[in-house]
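One letter stands for each residue in the lines below.
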Amino acid sequence: MCGIVAYIGQKEAYPILIKGLKRLEYRGYDSAGIALLDQGELKIYKKQGKVAILEEFAADKNCEGKVGIGHTRWATHGLPNDTNSHPHFSENKDIALIHNGIIENYNVLKEELEHRGHKFISETDTEVLVHLIDDIRKREKVSLAEAVRMALLSVTGAYAIVVISKDNPNQLVAARKSSPLVVGIGKENEYYLASDATPIVEYTKQVVYLNDEEIAVVDLNEGFKIVHLSNQEKTPYVQQLEMNLEALEKGGFEHFMLKEIFEQPRSIHDCFRGRLNVEQGWVSLGGLKEYEQKLVNAERIVMVACGTSWHACLVGEYLIEDLARINVEVEYASEFRYRNPIIGEDDIVIAVSQSGETADTLAALELAKSKGATILGICNVVGSSISRITDAGSYTHAGPEIGVASTKAFTAQVTILTLLTLFLAHKKGTISQSAFQSMLCDLEAIPDQVKRILENDPKIKEISAIYKDVRNALYLGRGSSFPVALEGALKLKEISYIHAEGYPAAEMKHGPIALIDEEMPVVVIATKGTSYEKVVSNIQEVKARKGRIIAIVTEGDRQVKELADHVIEIPETNQYLVPLLATIPLQLLSYHISVMRGCNVDQPRNLAKSVTVE
Ligand code: G6P
């Protein structure tokens, strides 16, 4: 949700900013802009639309300067037009600022500033902040950094900002609260600032993740310092980035999403590597060690998440309840945080989040923490806010996910939740040793089985071609395949703009069945397992209404094959592991349909990868 990047040092800033914005574009693509400071002149170039449009616009301009800031926007306040794009100038164009987040009290601040003669040209909350900083600097005659600090003291809301000023050509000032910000320390007196490490990794691996309410001042003469909003100086904690550049490139694939779908044999394997041992018969999640006993003794686990991650939690609920016999409640983070939930010291609240930055999930965790609960995280992005505020957690190790529609992060989340289930069930003795052992074996075989499903891609593409023009689709599943149905429907909605709904197969007759006719494709997860026969009956019900069936079946299935219009086979596995396999063809189906419809697969309209505002 908005990407910010900034550079100060010995190199030309423009190419670094443009490249950085392209890497961050998954965070928002309503508009893009940069500000460059060159020989005492501060210039802003900004355009509605993608970074490529800004690049085209800037092509014949003199984009020079060794200090600059860049922004890619996901609009919150004001339309996504050129004027509302970032950076924003102060009254006399002395200062420019980029911002990710929302200034909630911007109206009050704006009125005060207008009283003092400030004129605003955009509808954004951000412009108010840059005017406020400038106003304080002039009125109080303080340094830029101090003006930023004082301004932020009167701000309510979320922000990651970077400020550049004509009067401080050797300096950038940045700050964060509830929106992420990373400082990269370059090799030759140079600094990079960004929303995440992706624009930085190419230049340096030395990074500092800012904490909430911290202000970073990078100065070519005085070096790097961090000051808390309370004016206390902090020692920067320099970390080594464990990310490589190839992970951020498409690697020969047409889209990031396709690359990420095809990465799943590796990402699932990376997720369980070192965490299970079939020969010795154990499962261990190192990051949760300290809380193992608390988890084993827990009477209830609450999971909070949004979007695809919420679907992963639902799979986790089926697994943990059934195998480890612990009561699990899965909550939309946005609902949980505002409904005065009953949470106490005995509760364990687990947040599941790819980005580790989702505003609602973070707020839900903070609420749970304030009520004394133990808070744990399952995140993909190392060093992200959720991973830092939680008591403990497990990384999914799926690698950077760039496509806005989540794929490999989902299967990695489900893998962690499966490991957690196995660990708990084993410790509590709610699973027999032989069932535990055989599930470990089956889990270890999943990456190869995913590979086999991916080999079936040409067939899935053919099926996609038949259904690419439909207007609606229904996805059905039972048990832990119900969340898979939800996830399949979400993928189709997100990237191809086809209305799709996921339903528990048996619920179909309480409503959706009314929609079924010869136009309606119904995707059914009908793999072998306890509810197989019941799903077959549901398929019959659809057929009786002339619905068209695309069924995900276990290899060798004959019964469903006779009923369905199309079947996609997946290898046989333990029924608890089916979500890890059944999800793959649904991802490919949406991917191909989206491409065939000419949609922007990696950056679907109105969506952002990391939703850092409410
Ligand atoms: C956005 C993304 C989804 C993601 C959701 C939750 O809506 O487009 O793909 O599932 O946020 O994000 P998180 O990073 O918390 O998993």
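It should be noted that the structure appears before, not after, this text.
Residues numbered from 1 in each chain as written. Predicted model: local features only at pLDDT ≥ 70, side-chain atom pairs only at ≥ 80, totals over all residues. Heavy atoms only, no water.

Undergrad: Explain the nonpolar core here, please?
TA: In a soluble, globular protein the nonpolar side chains are often hidden away together inside. Core analysis: the biggest nonpolar cluster contains 92 residues, and Ile301, Met303, Ile350, Leu420, Leu424, Leu443 and Tyr475 have the highest contact counts within it. Here this core takes 11 residues from helix 13 (residues 408-428), the largest share from any one element. Residue contributions to this core reach at least three from each of two domains, namely domain 2 (250-454) and domain 3 (456-602). Grouped together as the second largest cluster of nonpolar side chains are 34 residues, Leu24, Ala58, Tyr203 and Val404 included. (Core = buried A, V, L, I, M, F, W, Y, C linked by side-chain atoms within 4.5 Å. Buried < 20%, exposed > 50% of the residue type's maximum accessible area, 1.4 Å probe, protein only. Helix = DSSP H or I, 4+ residues; strand = E, 2+ residues; numbered from the N terminus. Domains from an automatic or database assignment.)

Undergrad: How do you make sense of the layout of surface pockets when you look at a structure like this?
TA: Gaps between atoms show up when a probe of the same size as a water molecule is rolled over them. Considering only enclosed or pocket space, the largest pocket measures out at about 1000 Å³ in volume. Every residue lining the largest pocket is counted, 46 residues in all, and those nearest its centre are Glu242, Met243, Val382, Gly399 and Pro400. Among the elements of the structure, strand 11 (206-209), strand 15 (239-240), helix 7 (264-272) and helix 12 (385-389) are those that each provide at least two residues to the lining of the largest pocket. If you count residues domain by domain, the lining of the largest pocket takes at least three from each of domain 1 (3-247) and domain 2 (250-454). In this structure, the second largest pocket occupies an estimated 530 Å³ of space. Residue lining of the second largest pocket: 25 residues in total, with Cys306, Gly307, Thr308, Lys609 and Val611 positioned closest to the centre. Contributing elements (two or more residues each) for the lining of the second largest pocket: helix 9 (307-324), strand 20 (348-353), helix 11 (359-370) and helix 16 (481-496). The element that contributes the greatest number of residues to the lining of the second largest pocket is helix 9, accounting for three residues. Grouping the constituent residues of the lining of the second largest pocket by class yields 11 nonpolar, 10 polar and four charged. (1 Å grid on protein atoms, 1.4 Å probe; cavity = no way out; pocket = protein on both sides within 12 Å on 5 of 7 lines; lining within 4 Å. Points joined across faces, edges and corners; volume = space filled by probe spheres on them. Nonpolar A, V, L, I, M, F, W, Y, C, P; charged D, E, K, R; others polar.)

Undergrad: How should helix 4 (residues 125-140) be read in this particular structure?
TA: In an α-helix, one turn spans 3.6 residues; hence positions three or four apart end up facing the same way. Over its 16 residues, helix 4 runs 23 Å from end to end, which matches the ideal 22 Å to within 8%, given 1.5 Å per residue. The element helix 4 is extensively covered by neighbouring structure, given that 13 of its 16 residues are classed as buried. Regarding helix 4, its N-cap is threonine 124, as a side-chain oxygen of that residue lies 3.2 Å from the backbone nitrogen of glutamate 127 further along. Backbone geometry just after helix 4 places lysine 141 at a positive phi near 50°. (Expected span 1.5 Å × (residues − 1). Polar contact = N/O pair within 3.5 Å; in protein donor to acceptor, adjacent residues only side chain to side chain.)

Undergrad: Even after reading the chapter, I still don't get the packing of aromatic side chains, so can you show me in this structure?
TA: Centre distance and the angle of the planes are the two values used to describe a pair of aromatic rings. In total, this model carries five aromatic pairs according to the counting rule given. Judged by centre distance (5.7 Å) and plane angle (35°), the ring pair of phenylalanine 253 and phenylalanine 262 falls under tilted. Residue classification places phenylalanine 253 among the partly exposed positions, given a relative accessible area of 29%. Since its relative accessible area comes to 28%, phenylalanine 262 is described here as partly exposed. Put simply, the rings of Tyr7, Tyr192 and Tyr203 pair up and form one aromatic cluster. Taking the ring centre of tyrosine 532 as reference, the NZ or CZ of lysine 528 above it sits at 5.2 Å. It is arginine 605 that lies over the ring of tyrosine 497; its NZ or CZ is 3.8 Å from the centre. (Phe/Tyr/Trp six-rings, centres within 6.5 Å; stacked < 30°, edge-to-face > 60°. Lys NZ or Arg CZ within 6 Å of the ring centre and 35° of its normal.)

Undergrad: Is there a simple way to explain the site of the ligand in this structure?
TA: The immediate surroundings of the ligand are formed by 13 residues, with Ser309, Ser353, Gln354, Ser355 and Thr358 found nearest. Side-chain polar atom of serine 309 to an oxygen atom of the ligand: 2.5 Å apart, as the coordinates give it. Within the side chain of threonine 358, one N or O atom sits 2.4 Å away from an oxygen atom of the ligand. Contact with the protein chains hides 91% of the accessible area of the ligand, taken as 390 Å² for the molecule alone. Among the detected pockets, the ligand sits in the second largest pocket. (Near = heavy atom within 4 Å. Areas by Shrake-Rupley, 256 points an atom, 1.4 Å probe, with all protein chains shown as cover. Sits in = over half its atoms within 2 Å of the grid points.)

Undergrad: Looking at this model, I keep getting lost on the packing of helix 13 against helix 14 (residues 433-455). Mind explaining?
TA: The relative placement of two packed helices is expressed as an angle between their axes plus a distance between the axes. Interhelical geometry of helix 13 versus helix 14 gives an angle of 165° and a closest axis separation of 11 Å. By the angle class used here, helix 13 and helix 14 are roughly antiparallel. Handedness of the crossing formed by helix 13 with helix 14: left-handed. Within the contact between the two elements, helix 13 uses Thr418, Leu419, Leu422 and His426 and helix 14 uses Gln433, Phe436, Met439, Leu440 and Leu443. Among the residues making up the contact of helix 13 with helix 14, the classes are represented as six nonpolar, three polar and no charged. (Axes fitted to C-alpha atoms, helices over the stretch in contact; angles between N-to-C directions. Parallel < 35°, antiparallel > 145°, perpendicular 65-115°, else oblique. Left-handed = near helix turned anticlockwise from the far one by under 90°. Contact = heavy atoms within 4.5 Å.)

Undergrad: Help me out: how do you make sense of the sheet that holds strand 15 in this one?
TA: Backbone hydrogen bonds are what pair the strands of a sheet, in a parallel or an antiparallel way. Sheet architecture is open: eight strands sit in the order 3-2-4-1-10-9-11-15, paired in antiparallel fashion. The open sheet has two edge strands with one neighbour each: strand 3 (41-48) and strand 15. As paired strands, strand 1 (residues 3-8) and strand 4 (residues 67-73) are joined by six bridges and run antiparallel to one another. The residue bridging valine 5 from the neighbouring strand is glycine 70, located in strand 4. Helix-sheet contacts for helix 2 (residues 51-58) involve strand 2 (31-38) and strand 3, and the interaxial angle to strand 3 is about 130°. (Pairing = 2+ DSSP bridges.)

Undergrad: Please explain the sheet that holds strand 18 (residues 300-305) as it appears in this structure.
TA: The parallel open sheet is built from five strands, whose spatial order is 19-18-20-21-22. Two strands bound the open sheet, and with one partner strand each, they are strand 19 (327-332) and strand 22 (392-395). On average, each strand axis in the sheet is tilted by 20° relative to the strand beside it, whichever way the strands run. When strand 18 meets strand 20, the two strands line up parallel, connected through four bridges. Counted as the bridge partner of isoleucine 301 is isoleucine 348 from strand 20. Contacts from helix 9 reach strand 18, strand 19 and strand 20, with the element oriented near 170° to strand 19. Set on the sheet, helix 13 makes contact with strand 18, strand 20, strand 21 (374-379) and strand 22; between it and strand 20 the angle comes to about 155°.

Undergrad: Looking at this structure, I do not really get helix 1 (residues 13-24). What am I missing?
TA: A rise of 1.5 Å per residue sets the reference length of helix 1, with its 12 residues, at 16 Å; its end C-alpha atoms lie 16 Å apart and thus fit the reference within 8%. In terms of burial, helix 1 is a largely internal element, nine of the 12 residues being buried. What helix 1 keeps buried is the set Ala13, Tyr14, Ile16, Leu17, Ile18, Gly20, Leu21, Arg23 and Leu24. Its buried side turned inward, helix 1 meets strand 1, strand 2, helix 2, strand 4 and strand 10 (191-194).

Undergrad: Just checking my understanding: could you explain unusual backbone geometry for this structure?
TA: Glycine aside, residues mostly have negative phi, and peptide bonds are mostly found in the trans state. For the bond from histidine 86 to proline 87, the omega torsion is 0°, close enough to zero to count as cis. Phi angles above zero are rare outside glycine, and lysine 93 is one such case at about 60°. Turning to its location among the elements, lysine 93 is positioned in the loop between strand 5 (88-89) and strand 6 (95-103). The phi torsion at asparagine 606 lies on the positive side, around 65°, for a residue other than glycine. In this fold, asparagine 606 is placed in the segment after helix 19 (578-596).

Function-wise, these values are silent; they only describe arrangement.
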